Amino acid sequence: MKVLVIGSGGREHALVWKLAQSPRVTTVYCAPGNGGTAAQGVNVDIPVSDLAGLADFAAREGVGLTVVGPEVPMVEGIVDLFRTRGLRIFGPVAAAARLEGSKVFAKQAMTRAGVPTAAYEVFDDADAALAWLATQPAEKPWVVKADGLAAGKGVLMCDNRAEAADAVTRIMTAREFGAAGDRVLIEERLDGYEVSLLAICAGGVIIPLAPAQDYKRIGEGDTGPNTGGMGNYSPVPDFSPALIDFTVHQVIAPTLAALDAPFTGTLFVGLMVTAAGPQVLEFNVRFGDPETQVVLPRLENDLLDLLEAAVDGTLAAQTARWSSRKAVTVVCAAGGYPDAYRKGDVIHGLAEAAALSDVIVFHAGTKLDGDRIVTNGGRVLNVTALGDTFAQAIDRAYEAVSLISWDGMTYRRDIAARVREG
Ligand code: AMP
Ligand code: GLY
């Protein structure tokens, strides 16, 4: 079977890498792909915004299954379009993708479903938001969020009321995130540890994948602005099977039941595990990035089996099987990220790093430039390693990172440090 992966990041490289291992897959196309997907698959020069062009390609090439990486095409209805044209595709329809497309929609679904989540207020007017904040205690911490899609950056952590007011002004008046900031949510700030739990869902069947932990902030010790994710590890020792079960039955099942449209695809639950139990921070309607880069290397199933079963309505017959090994990924970013950064720097040491055992260098923001690989995004590489212990996986990942260089490369040195002895 020919398969098509849509997107161009590290998540898509991991999907291409895993699908290429299926004995039933003949070709993995990736649109538009990156310097890494070009090595394991065939890049197709169609942007993710060209939904009709992608459908035309899938029809013309006889693609048996399309897998969508990023959220934007799903929110824009790529799954609806493919289905109308009789093309098999894994992902939710637009009406269900709103769970990620609008944080207000997601909060309302959670409220209807009785799912634990932080208390919140919604405003579509900056003055009203500021007036409400003025009634709140000066020292209370908040999280202020743009309602719409902002590539993981529209969430501002505020230590007190003054910072929250500033965040409202940045989102609604300065419009730093454009139309995504037409509405804001002001949420109570929760304390605890974060877990990303992804689940493959279809027809009411929910197969949780192994939990992972993301490092969202740019700086070591969890400082500085939020990013798309600077590193990740899996499994999460503290997140017990009972907590996975709780998330499946008390969070995912009731949320999906509260939607008007049936959900087929990957639901990503971002959780804060507080002293009072898990609370939902967000839903995404796709594989996580870089969660996928630590989850798929531990998955023993043929990924095509799981995705096809979801599309064909036979998911109940599947179970996911996991390696007991630990996985760690370190994101190597361009200097300046998550603000402005440079593109086009030549990356050195890729072959040396990839030659280490138990190391997989997933490309994110790279492209082929003749026979060289150059930087082409903020998050450039996801250097992933497996080990029998976290200490082994961490040491291998950083050994590989030490072999890689380009002008301005930065990364966090504390990825998975908290589970090193776990
Ligand atoms: P979101 O995109 O809504 O998950 O937010 C991105 C990140 O902001 C999360 O992964 C958390 O690190 C942080 N965050 C979001 N909401 C809250 C909250 N209510 N309390 C504490 N941290 C939060
Ligand atoms: N790593 C967080 C995300 O994929 O949204």
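See the structure shown above.
Residues numbered from 1 in each chain as written. Chains lettered and ligands numbered in written order. Predicted model: local features only at pLDDT ≥ 70, side-chain atom pairs only at ≥ 80, totals over all residues. Heavy atoms only, no water.

> With reference to specific residues and values, describe the site of ligand 1.
Taken together, 16 residues are adjacent to ligand 1, and K145, E187, L190, E194 and K216 come closest. Within the side chain of K145, one N or O atom sits 2.8 Å away from an oxygen atom of ligand 1. L281 places a main-chain nitrogen or oxygen 3.5 Å from an oxygen atom of ligand 1. Contact with the protein chains hides 96% of the accessible area of ligand 1, taken as 470 Å² for the molecule alone. (Near = heavy atom within 4 Å. Polar contact = N/O pair within 3.5 Å; in protein donor to acceptor, adjacent residues only side chain to side chain. Areas by Shrake-Rupley, 256 points an atom, 1.4 Å probe, with all protein chains shown as cover.)

> Summarise the nonpolar core; cite the residues concerned and give the values.
By size, the foremost hydrophobic cluster in this structure holds 82 residues, and its most contacted members are I78, L99, V328 and L381. The element best represented in this core is helix α14 (residues 390-402), accounting for seven residues. Setting aside its immediate chain neighbours within four residues, I78 contacts I6, L51, L54, V68, P73 and I89. Grouped together as the second largest cluster of nonpolar side chains are 36 residues, V28, L303, A309 and L315 included. (Core = buried A, V, L, I, M, F, W, Y, C linked by side-chain atoms within 4.5 Å. Buried < 20%, exposed > 50% of the residue type's maximum accessible area, 1.4 Å probe, protein only. Helix = DSSP H or I, 4+ residues; strand = E, 2+ residues; numbered from the N terminus. Contact = heavy atoms within 4.5 Å.)

> Any chance you could break down the site of ligand 2 for me, citing the residues and the numbers?
Contacts to ligand 2 come from D214, K216, G228, F268, N284, R286, G288, D289, P290 and E291. Take D214: an N or O atom from its side chain is 2.7 Å from a nitrogen atom of ligand 2. R286 places a polar side-chain atom, nitrogen or oxygen, 2.8 Å from an oxygen atom of ligand 2. For ligand 2, the accessible surface in isolation is 200 Å², of which the surrounding protein chains cover 92%. Its residues assigned to classes, the shell around ligand 2 comprises two nonpolar, three polar and five charged. (Nonpolar A, V, L, I, M, F, W, Y, C, P; charged D, E, K, R; others polar.)

> Got a sec to walk through the layout of surface pockets? Specific residues and values, please.
There is about 340 Å³ of room inside the second largest pocket. Lining the second largest pocket are 17 residues, and of these K153, V155, L156, R170 and P225 sit closest to its centre. When contributions to the lining of the second largest pocket are tallied by element, the ones reaching two or more residues are β8 (155-158), α9 (161-173) and β14 (223-226). Broken down by class, the residue content of the lining of the second largest pocket amounts to eight nonpolar, two polar and seven charged. (1 Å grid on protein atoms, 1.4 Å probe; cavity = no way out; pocket = protein on both sides within 12 Å on 5 of 7 lines; lining within 4 Å. Points joined across faces, edges and corners; volume = space filled by probe spheres on them.)

> Requested: an account of the side chain of D302, with residues and values cited.
Along the chain, the position of D302 falls in the loop between α11 (291-295) and α12 (303-312). Although D302 is buried, it forms no salt bridge, and the closest oppositely charged side chain is R24 at an N-O distance of 4.6 Å. Engagement of the side chain of D302 in a polar contact is seen with the side chain of S22, the distance being 2.7 Å. Apart from residues no more than four positions distant in its own chain, D302 is found in contact with S22 and P23. (Lys, Arg positive; Asp, Glu negative; His and termini not counted. Salt bridge = Lys/Arg side-chain N within 4 Å of Asp/Glu carboxyl O.)

> Tell me about the packing of helix α6 (residues 94-101) against helix α7 (residues 103-113), and please be specific about residues and values.
The N-to-C vectors of α6 and α7 enclose an angle of 100°; their axes lie 6 Å apart at closest approach. By the angle between their directions, the pair α6 and α7 is classed as roughly perpendicular. Judged by residue contacts, A95, R98, L99 and G101 of α6 engage K103, F105, A106 and A109 from α7. Looking at side-chain class alone, the contact of α6 with α7 contains five nonpolar, one polar and two charged residues. (Axes fitted to C-alpha atoms, helices over the stretch in contact; angles between N-to-C directions. Parallel < 35°, antiparallel > 145°, perpendicular 65-115°, else oblique.)

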